[in-house]
Amino acid sequence: MEITGSLATIGYGLAAIGPGIGVGLIFGMGVQAIARQPEARGVLQTQMIFGFAVVEALAILGFVLALIQG
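Residues numbered from 1 in each chain as written. Predicted model: local features only at pLDDT ≥ 70, side-chain atom pairs only at ≥ 80, totals over all residues. Heavy atoms only, no water.

By convention here, two paired aromatic rings are described through the distance between centres and the angle between planes. Tallied over the entire structure, the rule returns two aromatic pairs. For the ring pair Tyr 12 and Phe 63, a centre distance of 5.3 Å and an interplane angle of 65° mean the geometry is edge-to-face. Placement of Tyr 12 in helix H1 (residues 7-36) and of Phe 63 in helix H2 (residues 41-69) is noted, with a sequence separation of 51 residues between them. Residue class for Tyr 12 comes out partly exposed when judged on its relative accessible area of 29%. (Phe/Tyr/Trp six-rings, centres within 6.5 Å; stacked < 30°, edge-to-face > 60°. Helix = DSSP H or I, 4+ residues; strand = E, 2+ residues; numbered from the N terminus. Buried < 20%, exposed > 50% of the residue type's maximum accessible area, 1.4 Å probe, protein only.)

Below you can see the structure in the form of structure tokens.
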């Protein structure tokens, strides 16, 4: 039995786990913080979106690296 494929695909799959967890933590904690202090919504929402962008950039970087290696 021969297994064919690219290790880059497995690498990207593993690399997508981290950003998935990160996005969940960012928005979960952000909603919790807004629920505790509604008057700080603007500041918290801005920080949540910035954190989301940084985490998603890591996911896109993993995808690009998987394509380069593949």
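The subject of this paragraph is the UniProt feature "transmembrane region" (unreviewed entry) in the protein chain. In the numbering used here, UniProt assigns the feature "transmembrane region" (unreviewed entry) to residues 12-35 and 47-68. With 100% helix and 0% strand, residues 12-35 has end C-alpha atoms that lie 35 Å from one another. Regarding residues 47-68, the helix share stands at 100% and the strand share at 0%, and the terminal C-alpha atoms are separated by 32 Å. (UniProt positions renumbered as here; feature names shortened; annotations may be inferred.)

A separate point is the UniProt feature "domain: V-ATPase proteolipid subunit C-like" (unreviewed entry) in the protein chain. Look at the UniProt record and you will see "domain: V-ATPase proteolipid subunit C-like" (unreviewed entry) annotated at residues 8-68. Along residues 8-68 the backbone is 93% helical and 0% strand, and the end-to-end C-alpha distance reaches 9 Å.

Let us now look at the environment of Gly 13. Considering the arrangement of structural elements, one finds Gly 13 in helix H1. Gly 13 gets classed as partly exposed once you look at its relative accessible area, which sits at 38%. Spatially, the C-alpha atoms of Gly 13 and Ala 59 are 9.9 Å apart, while their sequence positions differ by 46 residues.

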